[in-house]
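Fold and geometry: a report
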Amino acid sequence: MTTPLVVGASVASVALGARYLIAAWQAFKARPPIPRVRRFYYGGFDKVMTRREAALILGVRESTVIEKIKEAHRRVMMANHPDAGGSHYLASKINEAKDVLTGKSKGGSSAF
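Summary of the structure given here. Every chain's residues receive numbers from 1 upward, in the order its sequence appears when written. Given that this is a predicted model, residues contribute local features only at a pLDDT of at least 70 and side-chain atom pairs are listed and counted only at 80 or more, while totals for whole chains, interfaces and linings are drawn from all residues. Just so you know, side-chain values use all the structure's heavy atoms and leave hydrogens and water out.

**Here's the deal with helix H4 (residues 88–102)**
- An ideal rise of 1.5 Å per residue puts 21 Å on 15 residues; H4 measures up with 21 Å between its terminal C-alpha atoms.
- Working rule for contacts: check all heavy atoms of both residues, and any pair within 4.5 Å makes them a contact. Numbering goes from the N terminus for both helices and strands, where a helix is a DSSP run of H or I of at least four residues and a strand is a run of E of at least two. Here the buried face of H4 lies against helix H2 (51–58) and helix H3 (66–80).
- Between N or O atoms, a polar contact is any pair within 3.5 Å; within protein, one atom must be a potential hydrogen donor and the other a potential acceptor, and residues adjacent in sequence are included only when both atoms are from side chains. In this structure Ser-87 caps H4, since a side-chain oxygen of it lies 3.2 Å from the backbone nitrogen of Tyr-89. Here the expected length of a helix is defined as 1.5 Å per residue gap, with one fewer gap than residues.

In structure tokens form, the structure reads like this:
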């Protein structure tokens, strides 16, 4: 006699659980899309390097202190140094970015 009661309670709990899951899935699909953050700068180099472009190359903010700029320059140069298989062009752009951010040049001093 208790078997129909247990089966009925099981079916009811499965139906309620499925109803909850369907409602949760519809709410998930209806939420507004979250914009994805672009991790890398997609674009070429400008003729004259700006502070914004220099900060993007080194991965720092435009108003960063000189110590952080030097640390970021060292880190990026270790990965892109021509003696370690990196590009001469990228190395010159990294050096130019450091110079622009530290104020040692006005930009546009790349050999390329």
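**Structural notes on the pattern of salt bridges**
- Whenever a carboxyl oxygen of Asp or Glu lies within 4 Å of a side-chain nitrogen of Lys or Arg, that contact is scored as a salt bridge. All chains considered together, the criterion is met by one salt bridge.
- One salt bridge connects Lys-93 with Glu-96, and the closest N-O pair in it is separated by 3.6 Å. In this pair, Lys-93 and Glu-96 both sit in helix H4, three residues apart, roughly one turn of the helix.
- Classification of Lys-93 as buried rests on a relative accessible area of 5%. Partly exposed describes any residue whose relative accessible area lies between the buried limit of under 20% and the exposed limit of over 50%, with all areas from a 1.4 Å probe on protein chains only and scaled to the type maximum.

**Section: a nonpolar patch on the surface**
- A cluster of nonpolar residues, Phe-45, Tyr-89 and Leu-90, forms a patch on the protein surface that exposes about 230 Å² of accessible area.
- With relative accessibility at 34%, the residue Phe-45 sits in the partly exposed group. Surface patches are drawn from residues lacking salt bridges whose relative accessible area is over 30%; two like charges belong together within 9 Å, two nonpolar side chains (Val, Leu, Ile, Met, Phe, Trp, Tyr) within 5 Å. To be clear on the numbers: accessible area is Shrake-Rupley with a 1.4 Å probe, and residue cover counts the displayed protein chains and nothing else.

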